[in-house]
Amino acid sequence: MTENETFIYESIFNQIRMGFLSVDEIQENIIEEIEDNEFEDEISEEWAFDKIREEYQKLLSESKQWKSPTDTERLIKAFDELADENIIALHNAGYTTTDGEYEVVEVERELQENEVESDGYCFYHEQDLARAIALEDSSLFIAFQKVDNSDEATTIEVGKVVAEVLINNDFKIKWNGSAKTKIEIPGFRWQKIFDEDARDLQDYSEVVDRMLQ
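The shown structure was predicted, so the numbers you read here are calculated from the model rather than taken from an experiment.

(A) Structural view of the packing of aromatic side chains. Summed over all chains, the structure comprises nine aromatic pairs. Ring centres 5.4 Å apart and planes at 85° place the aromatic pair Phe144 and Trp175 in the edge-to-face group. Placement of the pair is Phe144 in strand 3 (residues 139-145) and Trp175 in the loop between helix 7 (152-168) and strand 4 (183-186), with a sequence separation of 31 residues. Grouped by ring-pair contacts, the aromatic residues Phe20, Phe79, Tyr124, Phe171, Phe188 and Trp190 constitute a single cluster. One residue, Arg74, lies across the ring of Phe171, its end atom 4.4 Å from the ring centre. Just above the ring of Phe20 sits the side chain of Lys192; from NZ or CZ to the centre is 4.8 Å.

This is how it looks when you write it as structure tokens:
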């Protein structure tokens, strides 16, 4: 593969493996990406669609060997439990930490409109997810904090709650107990295939509803 083909292939790999988009949506994204980067002369739609099909079929056959509950299923359960403990827990929140913090503030605003204030938050974003779908040395980093908080002791308390719930869901974690360090789940393997009938993990109104119960 050329350098540009490798760039597009990596994007295909990520979008298929993350499992948040349908094949049709990925095809649209990839064509847009090829056009935005002015790769049309070098990379054909046919090449891109072949690669999308190949990667999707590969994931489909791998998924037949997955053992339930997968790491992803256990993480979903852990995040639901955190919401029950009044911690905003968001899946795939934006592309960067700043994006994730923005999403959290939006959820907090909705909670406060209903006279509820969260005790903290945690999330992982798309760049974190890219590490979790890596075929080697995969891991997942989870950010945590409390909205409008600058007190380290408060931050650490949120971290302890998140860590405890993860451990209770059979995750081995790496965290030095610091307010400045994300919680890492080493060896975490993200296993998800897009299913239009499945729950939308990025529908954060579900998190709000859960926290308002």
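Additional details are given in the paragraphs that follow.
(B) Summary view of the packing of helix 4 (residues 71-84) against helix 7. The geometry of helix 4 relative to helix 7 is characterised by a closest axis approach of 9 Å and an angle of 140° between their N-to-C directions. When the interaxial angle is binned, helix 4 and helix 7 end up oblique. As helix 4 packs across helix 7, the resulting crossing turns out to be right-handed. When helix 4 is examined against helix 7, the residues Leu75, Ala78, Glu81 and Leu82 are found in contact with a partner set consisting of Val161, Val162, Val165 and Leu166. In the contact of helix 4 with helix 7, the residues fall into seven nonpolar, no polar and one charged.

(C) Seen up close, a negative patch on the surface. On the surface, a cluster of negative charge is made up of Asp24, Glu25, Glu28, Glu32, Glu35, Asp36, Glu38, Glu40, Asp41, Glu42 and Glu45. Considering each element in turn, the negative patch owes the most residues, six residues, to helix 2 (residues 23-36). As for its position among the elements, Glu32 is in helix 2. In this structure Glu32 comes out as partly exposed when scored by relative accessible area, which is 46%.

(D) Just the nonpolar core, in detail. Counting 44 residues, the largest nonpolar core has Leu75, Ile142, Val162, Leu166 and Trp190 as its most contacted members. With six residues, helix 1 (residues 3-18) is the largest single contributor of residues to this core. Mapped onto the domain boundaries, this core takes at least three residues apiece from domain 1 (3-64) and domain 2 (71-212). Look past the residues within four positions of Val162 in its chain and what remains in contact with it is Leu82, Cys122, Ile142, Phe144 and Ile183.

(E) Quick look at the side chain of Glu108. Looking at the secondary structure, you find Glu108 in helix 5 (residues 97-113). Of the side chains bearing the opposite charge, Lys146 lies closest to the buried Glu108, which forms no salt bridge; the N-O distance is 6.2 Å. Not counting residues up to four positions away in its chain, the partners in contact with Glu108 are Ile88, Glu117, Ser118 and Val147.

(F) View of the layout of surface pockets. Taken as a whole, the largest pocket spans an internal volume of roughly 260 Å³. Contributing to the lining of the largest pocket are 14 residues, with Glu73, Ile76, Gln191, Lys192 and Ile193 lying nearest its centre. Residue composition of the lining of the largest pocket, grouped by class: five nonpolar, four polar and five charged.

(G) Looking closely at the packing of helix 5 against helix 8 (residues 205-212). Axis separation between helix 5 and helix 8 bottoms out at 10 Å; the angle between their running directions is 40°. As summarised for this structure, helix 5 and helix 8 are arranged oblique, according to the angle between their axes. The hand of the helix 5/helix 8 crossing is right-handed. Contacts from Val107, Glu110 and Leu111 of helix 5 reach helix 8 at Val208, Met211 and Leu212. Split by residue class, the contact of helix 5 with helix 8 holds five nonpolar, no polar and one charged.

(H) Structural context of the domain arrangement of the protein chain. Splitting the protein chain by domain gives domain 1 (3-64) and domain 2 (71-212). Of note, the centres of domain 1 and domain 2, computed from C-alpha atoms alone, are 27 Å apart. Counting residues at the interface gives 13 residues for domain 1, matched by 13 residues for domain 2. Summed over both partners, the interface of domain 1 with domain 2 comes to about 1,200 Å²; 71% of that surface belongs to carbon and sulfur atoms.

How each quantity is defined
Residues numbered from 1 in each chain as written. Predicted model: local features only at pLDDT ≥ 70, side-chain atom pairs only at ≥ 80, totals over all residues. Heavy atoms only, no water. Phe/Tyr/Trp six-rings, centres within 6.5 Å; stacked < 30°, edge-to-face > 60°. Helix = DSSP H or I, 4+ residues; strand = E, 2+ residues; numbered from the N terminus. Lys NZ or Arg CZ within 6 Å of the ring centre and 35° of its normal. Axes fitted to C-alpha atoms, helices over the stretch in contact; angles between N-to-C directions. Parallel < 35°, antiparallel > 145°, perpendicular 65-115°, else oblique. Left-handed = near helix turned anticlockwise from the far one by under 90°. Contact = heavy atoms within 4.5 Å. Nonpolar A, V, L, I, M, F, W, Y, C, P; charged D, E, K, R; others polar. Patch = residues over 30% accessible without salt bridge, like charges linked within 9 Å, V, L, I, M, F, W, Y side chains within 5 Å. Areas by Shrake-Rupley, 256 points an atom, 1.4 Å probe, with all protein chains shown as cover. Salt bridge = Lys/Arg side-chain N within 4 Å of Asp/Glu carboxyl O. Lys, Arg positive; Asp, Glu negative; His and termini not counted. Charge placed at Lys NZ, Arg CZ, Asp CG, Glu CD. Buried < 20%, exposed > 50% of the residue type's maximum accessible area, 1.4 Å probe, protein only. Core = buried A, V, L, I, M, F, W, Y, C linked by side-chain atoms within 4.5 Å. Domains from an automatic or database assignment. 1 Å grid on protein atoms, 1.4 Å probe; cavity = no way out; pocket = protein on both sides within 12 Å on 5 of 7 lines; lining within 4 Å. Points joined across faces, edges and corners; volume = space filled by probe spheres on them. Buried area = accessible area lost by both parts, 1.4 Å probe.

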